Amino acid sequence: MSSAVTETEESARSSPLTPLKLVGLVCVFLALCLDVGAVMSPAWVTADDQYYLSLWESCWKPASTENWKCTSTLGSDWQVATLALLLGGGALVLMSFLVALVAVCIGTRRRFYAPVAFMLFAAVVLQACSLVLYPIKFIESINLRIYHEFNWGYGLAWGGTIFSFGGGILYCLNPKNYEEYY
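Everything numeric in this text was worked out from a predicted model, so none of it was measured.

(A) Fine view of the overall build of the chain. The helix and strand inventory of the chain stands at five helices and five strands. Every one of the 182 residues in the chain was classed for burial, and the buried ones make up 38%. Intrachain contacts of the chain at a sequence separation of at least 6 include 69% that bridge at least 24 residues. For the chain, the computed accessible surface area is about 10100 Å², with 67% contributed by carbon and sulfur atoms.

Shown next, in the form of structure tokens:
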């Protein structure tokens, strides 16, 4: 009844789940939740109850009426690029969360750490590009003569990006070098 399991596979299977990896998994889950909230948010830019802009639509209220007029934002190249970069990063965060969760559940953890960290860092790059592109192109292309601010939807997207970066760092740390974390 000898098994053909190599020593590296056995050590990967029996490696203890460190608190660093559990906190990393929580960070990735929070990043995923924040990304979903940011994509669904109606408030990326708001202006004095007269204008708001999300990733999906742009709405304004003429001063003489109570009705809002809305148009799709998917006609503008920079808004489509922002949405595509943000959704691409969100997809990578979702895949990294699923891989990390499967690794925790089936017990083969160590070989999945590097791919999870790589996907998270790639998601950070995509999302950071979209979040830098958005205000630059907004200010360049939309001329609002009233006070406007980047609102909570934009902040949620930055929060998701920061949590993805934190999760990527935690998945890069090697627990063998840090015995005091056990």
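Back to the write-up after that little detour.
(B) Expanded view of the nonpolar core. Among the nonpolar cores identified, the biggest contains 16 residues, and Trp 44, Leu 53, Leu 55, Leu 86, Tyr 134, Phe 138 and Ala 157 are the most heavily contacted of them. When residues no more than four places from it in sequence are discounted, the contact partners of Tyr 134 are Trp 44, Val 45, Leu 53, Ser 54, Leu 55, Trp 78, Thr 82, Phe 150 and Tyr 154. Ranked by size, the runner-up nonpolar core spans 15 residues in total, among them Ala 31, Leu 92, Phe 97 and Leu 120.

(C) Up close: the sheet that holds strand β2 (residues 51–53). Here five strands make up an open sheet; going across it, the order is β4-β3-β2-β1-β5 and the pairing antiparallel. The two strands at the open ends of the sheet, each matched to only one other strand, are β4 (69–72) and β5 (149–150).

(D) Geometry of the state of the cysteines. Here the structure, examined in full by the defined rule, presents one disulfide. The disulfide that involves Cys 59 links it to Cys 70, with 1.9 Å between the sulfurs. Between Cys 59 and Cys 70 the disulfide shows an S-S torsion of about 115°. By sign, it is right-handed. Here the residue Cys 59 occupies a position in strand β3 (residues 57–60), and Cys 70 occupies one in strand β4, the gap between them amounting to 11 residues.

Rules used in this analysis
- Residues numbered from 1 in each chain as written.
- Predicted model: local features only at pLDDT ≥ 70, side-chain atom pairs only at ≥ 80, totals over all residues.
- Heavy atoms only, no water.
- Helix = DSSP H or I, 4+ residues; strand = E, 2+ residues; numbered from the N terminus.
- Buried < 20%, exposed > 50% of the residue type's maximum accessible area, 1.4 Å probe, protein only.
- Contact = heavy atoms within 4.5 Å.
- Areas by Shrake-Rupley, 256 points an atom, 1.4 Å probe, with all protein chains shown as cover.
- Core = buried A, V, L, I, M, F, W, Y, C linked by side-chain atoms within 4.5 Å.
- Pairing = 2+ DSSP bridges.
- Disulfide = S-S within 2.5 Å.

Remember that the coordinates give geometry; whether it matters functionally is a separate question.
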